[in-house]
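What follows is the residue order along each chain.
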Amino acid sequence: MDQRGTTTDVRRRIPRTDAVLGDPRLIEAAHRLGSGAVKAAVRQAQERARAGAIAPDEVADTAVALLPRTAGGLRPVINATGVVLHTNLGRASLSAAARRAVREAAGPTDVELDLRTGARARRGRTALAALRERVPSAAAAHVVNNGAAALVLVATALAAGKEIVISRGEMVEIGDGFRLPDLLVSTGARLREVGTTNRTSVADYAAAIGPETAFVLKVHPSNFRVTGFTRAAGTGELAALGVPVVVDIGSGLLAPHPLLPDEPDAETRLRAGASLVTASGDKLLGGPQCGLLLGQEELVRTVSRHPLARALRVDKLTLAALEATLTGPENPTAVALAADPAGLRHRAERLASALAADGIEVRAVESAASVGGGGAPGVTLPSAALSLPERYAAALRTGPVPVVGRLEAGRCLLDLRAVPREDDERLADAVRSVSGPAAGAAMDPVAEG
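Residues numbered from 1 in each chain as written. Predicted model: local features only at pLDDT ≥ 70, side-chain atom pairs only at ≥ 80, totals over all residues. Heavy atoms only, no water.

### Concerning helix H5 (residues 96-105)
Applicable threshold: For every residue, the accessible area obtained with a 1.4 Å probe (protein chains only) is divided by the maximum for its type, and the residue is called buried under 20%, exposed over 50%, and partly exposed between those limits. Numbering of helices and strands runs from the N terminus, with a helix taken as a DSSP run of H or I at least four residues long and a strand as a DSSP run of E at least two residues long. The arc in question is traced by the directions running from the helix axis to the C-beta atoms. Any pair of residues with heavy atoms lying within 4.5 Å of one another is described as a contacting pair.
What H5 keeps buried is the set Ala97, Ala98 and Ala105. Down the axis of H5, the buried set is contained in an arc of 95°. They therefore lie on one face. Of the surrounding secondary structure, the elements contacted by the buried residues of H5 are helix H14 (316-327).

Right under this line is the structure:
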C-alpha cells in the first residue's frame, strides 16, 4: 500500500486493447492475417502480463511475437522422423518449382481457357501432357483428388452392378480404418474373391472370370509384406485372360527406381499389359495430393466422363504443382531418397559438434530411415541422426519452430534423411531454443509424462 492507503497494482498499467492494436506492427499484421488473429495475440499477451510473466510495457512486443505466420491453422514443421513420406506430416514436400507454380496459379489462370481462340479448353491439359510424357506407354491420363478416389472412380465407371475379380491377399486396409473392399463395394460393384492370403494363381483368376466380370484388379500391398510360401500372378499373365486389368500401384512411382527394385511402377505395368494404372501423386512422385489414372484411351475417356469425375476433380493449384513436379528439377522426395549416408553422417557430426559446444548433451549416431507413405515396405535407408535426451521430444514439437523426431531406446533422435541440408541451421536453432532454463518446465520428464 502507498502513503494514501491505496493498493499499487501493476496490472493497472497493462495497456488497453485499442492502444495495443494501434501499434504499427499490429496494424500491418491485421491487413495480412485478419483482425481476429491479431486481437487473439493481444489478449494472450495481456493475460501473460496479468499473470506477471511479462512487464506491462512488453505487451505489444509479446503480441507481435505470438502472431501466427499465416492466416491458416497449419504450422510448418521440420520432419526429423526418418520417414521420408510421413502421412501425418502431409507426405511429400513440394519442390521450389512446384511452390512457385502454385503461387502463380493462385489468381486467375487459363485452366479451362484457350487464350489463342478464346474458347473453352480441356482442364489441366498441360499437366496431363506432362504426365503422359513421363509415362510413354500411357495413351491417356486423368487426375483426381487422391489415390483412393482414382480407384473408386474406375470401379464406379466400369464396374457398377458388375464383378471385380481380386485376390484375397490384396484386400488391404489403406489407413485410418479405410478398407479397400469397403471402398469398392460402395461403388455398386460386387467383389469376386479368388485365391488365398498367401497364394493366388492365374488359374484362380481364370476360373472366376465370366459374363459379369468388369475387370481384374491387382493391388500392390504397399504398406506390408507377405513372405515365405507365396505366389502372385503377374500383370502380363492376367492381361492374357482377355478382360481389362486394372493395377493399383499405390505409391506413384512412374518408372523403375534403382533404390526400390521391388516397388511397382506405372510404365512397367502398362508395358506388361495393364489396361489402367492408378496411383497417388503425393508419395514417391513427390508431388501434391492427387490420384493418377493412366492407360488405354477409351477406358480413360469413359472414366473421365463419368458424372462422379466432376466431384473428384482437382483444383488449379494441384494441377500447377503436379505439372511443375513432373517437368521441374529434383523434388525433396527424390533428394531424400538418394541422400548419401556418408554425407548425412558428416552433417550430423557437424551439427552435434556445434550444439555440444553450446553445452547441449548431444551426439551423432547412425540411424535407419524408411520411405513411408505406404511405399516400399521393409526397405531400410541408412541414415544419421542427432541423439538427444528423451525430454527434448515434446519440447521440440511445441517449440517456436516445431521439430518432429522419434523416440528410440530412451533417446530423442532427429534423423536427417528427410531434413533438407538448407534446414540444418534451423534445426540447430530449434534445439538451442528449447535447451535453456526457460524450457525447463517443458523439458521436465515428469511434466511431460
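Next comes the rest of the write-up.
### As for the sheet that holds strand S13 (residues 375-389)
The cut-off we apply is this: For two strands to pair, DSSP has to find at least two bridges joining them. Only the stretch in contact is used when a helix axis is fitted, and all axes are lines through C-alpha atoms; the angle between N-to-C directions ranges over 0 to 180 degrees.
Sheet architecture is open: five strands sit in the order S2-S12-S13-S16-S15, paired in mixed fashion. Two strands lie at the open edges of the sheet, namely strand S2 (83-85) and strand S15 (406-408), each paired on one side alone. Looking at each pair of strands side by side, their axes are set apart by 45° on average, direction ignored. Here two bridges tie S2 to strand S12 (residues 363-372), and the two strands are oriented parallel to one another.

### Some remarks on the sheet that holds strand S3 (residues 140-144)
Spatial ordering of the open sheet is given by S3-S11-S10-S9-S8-S4-S7, a layout of seven strands whose pairing is mixed. Two strands bound the open sheet, and with one partner strand each, they are S3 and strand S7 (190-194). Pairwise comparison of adjacent strand axes, ignoring direction, gives a mean angle of 25° for this sheet. Where strand S4 (residues 163-167) meets S7, five bridges bridge the pair, whose relative direction is parallel. Directly across from Ser167, in S7, lies its bridge partner Val194.

### A closer look at the UniProt feature "modified residue: N6-(pyridoxal phosphate)lysine" (unreviewed entry) in the chain
Short version of the rule: UniProt positions are given in the numbering used here, feature names are shortened, and annotations may be inferred rather than shown by experiment.
Taken from the UniProt record, the annotation "modified residue: N6-(pyridoxal phosphate)lysine" (unreviewed entry) applies to Lys283. For Lys283, the position within the fold is in the loop between strand S10 (276-280) and strand S11 (291-295). For Lys283, a relative accessible area of 10% corresponds to the buried category. Setting aside its immediate chain neighbours within four residues, Lys283 contacts Leu85, Arg91, Ala92, Gly250, Ser251, Thr333 and Gly373.

### A short note on the nonpolar core
The line we're drawing: Here, the term nonpolar core denotes a set of buried Ala, Val, Leu, Ile, Met, Phe, Trp, Tyr and Cys residues that are joined through side-chain atoms within 4.5 Å.
Counting residues in each nonpolar core, the largest one holds 34 residues, and the members touching the most others are Leu131, Val143, Leu254, Leu292 and Leu294. Those elements that place two or more of their residues in this core are helix H6 (125-134), S3, helix H9 (202-208), strand S9 (245-250), helix H11 (266-271), S10, S11 and H14. The element contributing the most residues to this core is H6, with four residues. Once you skip the residues sitting within four places of it in the chain, Leu292 turns out to touch Leu131, His142, Val143, Ala150, Leu254, Val277, Thr278, Ala279, Ser280, Gly281, Leu285 and Leu322. Counting residues in hydrophobic clusters, the runner-up holds 29 residues, among them Leu153, Ala155, Leu276 and Leu293.

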